[in-house]
Amino acid sequence: MQVVVQDLVTNCDLSGKGKLVLLLHGWGDNLHGLRNLHKTLSSKYQVLSLDLPGFGNTDAPTTVWGLDEYGKFVAALLKKLELKQPYAVIGHSNGGAIAIRMVAQGLLNPERIILIAASGIRSDQSVRRLAFQVIAKTGNIATAWLPERYRGVLRRSLYGAAGSDLYVMPQLQETFKKTVRQDVQVDAEKIHIPTLLIYARDDDIVPLSYGRRYHHLINDSILAIIESGGHFVHQKQPTQVLEHIERFLA
Amino acid sequence: METVAVIFGGRSTEHDVSIITAIRSIIKPLELTKHFRVEAVYVSKDGSWYWDEKLKDITLYTSGDITGFLNKHHTLNVQFDGGLTFFKTSGITGRKTTQKIDIVFPSMHGTHGEDGALMGVLDMANVPYVGCGVRASAIAMDKVLAKQVVQANGLPVVPFVYFTKDQVDTEPLKCLKIITEKLHYPLFIKPAHLGSSIGISHASNDKELQNGLEVAVHYDDKVIVEEAVHNLIEVTLPIMGNNEPKPALLEQPLTSSEDFFDFDTKYIGGKKGGSKKGGVKGAQGYSQIPAKLPKQLEKQAFDLGLAVYRALECSGIARIDMLIDEKTGVVYFNEANPLPGSLYAHNWNRAGVSNVELVSELIRYGKERFAIEQQLNTTFKTSFLQQF
C-alpha cells in the first residue's frame, strides 16, 4: 500500500487484526527485512511495517534528516492511516534508535518495546569506529591528488572495509552522518515501559555491549542473548527471536 | 551495412527498465544478425544524451559506474541534415567522430520516450524508426485518451472517470463524490501517463480512494479511476505489424491481481506472489503462455486485442492488456503499451519468433512505414508568398 506522508510517497504494509504492532527496519534495509516477523505476528496482531524515507519504495527526504525527522515521519504516518498508538513497537538496528527517540519524545506511547540489535550508542569508541575515523581522515589526505571519480571508488572501498554504512545508500550520506552522531542513551533512560532487548553474541556491527548498556539504562528491560545470528539475528535465527517476542507480547 | 541507433534510458520513472530492454532485447539480437552496425545512445536521468560503444555493457549500469563514465565523456551532438547524423568530440585534441543513422530503434519506456515525444523528434529529423508513431504513442500512453478512443470505436472498457491534478488538489471531496456516484468499489486509481504499475492503488473504501488519488497525482498531472473487474482473468497480447498486425500468444500473468499492480512484482523477479507453477519467467514475473482460456473467450481476446491495435493506429509493435470477467464472459480493454518491456520477447519466442527474428522484423516494419509516409505529398503549390 502507498500513501503520501509529508509529501513523500510512502510504501507500507498493514495487515492482520488486533492490537497494533509497529515494525521499524534498520539503515539500508526495507520492510522486506522484517517480513518474517510481520507475517508471523499478523496472525495475532495488526502489524504495520514501512519503508522508511530513502529506503525500499519510499521517496527519499529532500533535506538532511536525523532520528527526530524519521520519528516525526513515523508519527505522521500513523496519523495518516488513522491508527491509534501501537501496543508494541519493534525496531531493528537504526529502527531501534528511532523507536527509543520517539518514545522518549512522546511521539510514540506503546505498552511494549522490542529492540533487536538496536544502535544509538555513539560514545563507544569501538575499534571499528576508530578505524573508520582514522581511515576516513587519512584517506582524505592520501587521496587528495586523485581525480574525484577515483577518490569516490576508493572511499567506497575504504569505508566498506571499516564496516561503515555511509556508502550503503549513497543518496543519504548526509542523513547517515547526522543519524550516527545522535546518541540516544539519555532517551533510553526515560523509558519506563517493559522493553525486550535482543542481541546476538556474534553481532560485529552493533555489539552485545550496546544491549548490556541499554539493559542498564532501561529499568524495566529484559536482555535476551542469542548465541549466533549476527546483526540480522531475526533473519538468521527467526524461531528463537520469535519465541522471545511472542512470549514478551503475550 | 545499415546503422541502427538504439536510444534508451531517459527522464522517466521507467529509466532502468528501458536499459534492460535496450541491451538485452534489442542491441544483443541486432548485433547477432550481423546485418546492422548498432550504435548505443544513452539518455541520462537529467536528459543528457551520450553515444559510446561502452554503453552497451550492462555492468556499467548495474555496478553504478555509469555516473563516473558520464563525467568523463562528452554529450552527443546531432545534425538534422535531411536525416540524422551523430557527432561527438573526444580526447584532448577534440577528435570528431560522425555517424549517419539509417534507422532508430527507440527503447525508452514511459515519459519523453514511449509517449511520442522521441518519435516527434525523429519525425522532424526525417529518419525511419521502429515502433508506433507519434499519434499512437501519445494516445496509448494516456490511459484516459486510449480508453476514450477504444470506447468510441465501440469496444468494451470498464467504467472510468478521470481528473486533473489540479482538481484533486483543490477539490478532493468533489472528486470523491463524483467517483462514488459514478463508480462502484473496488476501484483502481492510476496515474494516466505512467507505466510499470508505478503509483497504482487499489481502493475498497473512501479512505483508500483518497490515499490512492494523492499517490497518483504525486506522479502525474492526470489520474484515472476505474472499476475493478470481478471474477478477473488478466491477459495480455503482444502484437507486431503495420497494416496487417500479427499477434503472438495470449499470456496470463500468474501473480495475484493485487500484486500485479506493483513495480517490484513486475520487474524485480516476480517475488511477491509470482509463482513458478505452470508458468514461464518473462519480462514481468511468471505467467502462463498460452493462457488457458475457453475457446470462445480466447477468440474474443484475440479479436479485441487486434481491434484495439488498429483503433489506436499502432504500428511496429505494441502490447494490449485486457481484463476478462470469467462469469459474464466480457473481455475489456485495459491498457496499450507501445513499447512492451523487453519487447515481450519471451512470448514471441514461445510463438516461434526468435529474438533475432523479432528485432529484424521490427526494423523491416519501421522502414516499411517510413517508405509509405515518404510517398505522401507534403508540399502544396500556392502563390501565397507572392502577395507579400
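A brief look at the structure comes next. For every chain, the first residue of the written sequence is number 1, and numbering continues from 1 onward in sequence order. Lettering for chains starts from A, numbering for ligands starts from 1, and both go in the order in which the items are written. The predicted origin of the model limits local features to residues at a pLDDT of at least 70 and limits the giving and counting of side-chain atom pairs to 80 or more, whereas totals for whole chains, interfaces and linings rest on all residues. As a rule here, side-chain values come from all non-hydrogen atoms in the structure, and water together with hydrogens is ignored.

Secondary structure elements follow DSSP: runs of H or I of four or more residues count as helices, runs of E of two or more count as strands, with numbering from the N terminus. Summing up its helical and strand segments, chain B has 14 helices and 18 strands in all. Radius of gyration means the value over C-alpha atoms here, while the globule rule gives 2.2 Å times the residue count to the 0.38 power. In terms of C-alpha radius of gyration, chain B reaches 22 Å, essentially the compact-globule figure of 21 Å for 388 residues. Summarising its shape, the C-alpha atoms of chain B cover approximately 65 × 65 × 40 Å along the three principal directions. Accessibility here uses a 1.4 Å probe with only protein chains present; expressed as a share of the type maximum, an area under 20% marks a residue as buried, one over 50% as exposed, and anything in between as partly exposed. A burial count over chain B gives 54% of its 388 residues as buried. The contact criterion used throughout is that any non-hydrogen atoms of two residues lie within 4.5 Å. Taking the contacts inside chain B whose residues are at least 6 apart along the sequence as the reference set, 65% of them involve residues at least 24 apart. Only the protein chains shown count as cover for residues, and all accessible areas are computed by the Shrake-Rupley method using a 1.4 Å probe. When the accessible area of chain B is evaluated, it comes to approximately 17500 Å², of which 53% is carbon and sulfur surface. With 41 positive and 45 negative side-chain charges, chain B shows a spacing of 5 Å between the two charge centroids. The convention is simple: Lys and Arg are positive, Asp and Glu are negative, and His and the chain ends are not counted. Every charge is mapped to an atom, namely NZ of Lys, CZ of Arg, CG of Asp or CD of Glu.

Where the parts come together, the accessible area they lose is often given as the size of the interface. Residue-level contacts link 14 residues of chain A with 12 residues of chain B. Here the quantity called buried area is the total loss of accessible area, with a 1.4 Å probe, experienced by two parts when brought into contact, counted for both. Carbon and sulfur atoms supply 48% of the area buried between chain A and chain B, which totals about 1200 Å² over both sides. Any carboxyl oxygen of Asp or Glu that lies within 4 Å of a side-chain nitrogen of Lys or Arg is treated as forming a salt bridge with it. Our enumeration of links across chain A and chain B arrives at two salt bridges. Pairs of N or O atoms within 3.5 Å make up the polar contacts considered here, provided that, within protein, one atom can donate a hydrogen while the other can accept it, and that residues adjacent in sequence are counted only when both atoms are side-chain atoms. Put simply, chain A and chain B have three residue pairs in polar contact (both at pLDDT 80 or more) between them. Ranked by residues supplied to the side of chain A that touches chain B, first place goes to strand β1 (residues 2-5) of chain A with three residues. Its residues assigned to classes, the side of chain A that touches chain B comprises five nonpolar, three polar and six charged. Under this grouping Gly is polar, as are all residues other than the nonpolar Ala, Val, Leu, Ile, Met, Phe, Trp, Tyr, Cys and Pro and the charged Asp, Glu, Lys and Arg.

Another point: the side chain of Ser-12 of chain B. Residue and element names in this part refer to chain B. Inspection of the secondary structure assignment puts Ser-12 in the loop between β1 (2-9) and α1 (15-33). Among the residues examined, Ser-12 registers a relative accessible area of 14% and is labelled buried. Within polar-contact distance, the side chain of Ser-12 engages the backbone nitrogen of Glu-14 at 2.8 Å. Polar contacts involving the side chain of Ser-12 include one to the main-chain carbonyl oxygen of His-109, which spans 3.0 Å. Residue contacts for Ser-12: discarding those within four places in its chain leaves His-109, Gly-110 and Thr-111.

Remark: the centre distance and the inter-plane angle together describe each pair of aromatic rings, the angle taken between the planes. Residues and elements named next belong to chain A. Centre distance within 6.5 Å is the pairing criterion for rings of Phe, Tyr and Trp, where only the six-membered ring of Trp is used; planes under 30 degrees apart are then read as stacked, over 60 as edge-to-face, and the remainder as tilted. For the coordinates displayed, the defined rule picks out nine aromatic pairs over all chains. Residues Tyr-45 and Tyr-87 carry aromatic rings whose centres are separated by 6.2 Å and whose planes lie at 10° to one another, so their mutual orientation is stacked. With Tyr-45 in the loop between α1 (35-41) and β4 (46-50) and Tyr-87 in the loop between α2 (67-80) and β5 (88-92), the pair connects residues that are 42 residues apart, well separated along the chain. With a relative accessible area of 6%, Tyr-87 lands in the buried category.

Note that Ala-307 of chain B resides in helix α12 (residues 295-311). Once the C-alpha coordinates of Ala-307 of chain B and Asn-153 of chain B are considered, the two residues, 154 residues apart in sequence, prove to be 8.9 Å apart.

What follows covers a nonpolar patch on the surface. The grouping of Val-78, Phe-80 and Val-121 of chain B at the surface amounts to a nonpolar patch, some 260 Å² of accessible area in total. Inspection of the secondary structure assignment puts Val-121 of chain B in helix α4 (residues 117-125). Any residue with relative accessible area above 30% and no salt bridge may belong to a patch, with like charges joined within 9 Å and the nonpolar Val, Leu, Ile, Met, Phe, Trp and Tyr side chains within 5 Å.

A separate point is the pattern of salt bridges. Evaluated as defined, the whole model comprises 28 salt bridges over all chains. Two residues, Glu-174 of chain A and Lys-177 of chain A, come together in a salt bridge whose shortest N-O distance is 3.3 Å. Here Lys-177 of chain A and Glu-174 of chain A lie together in helix α6 (residues 173-181), a separation of three residues that amounts to about one turn. Residue classification places Glu-174 of chain A among the partly exposed residues on the basis of a relative accessible area of 43%. Three or more residues joined by partner-sharing salt bridges are found here, namely Lys-147, Lys-190, Glu-226 and Glu-335 of chain B.

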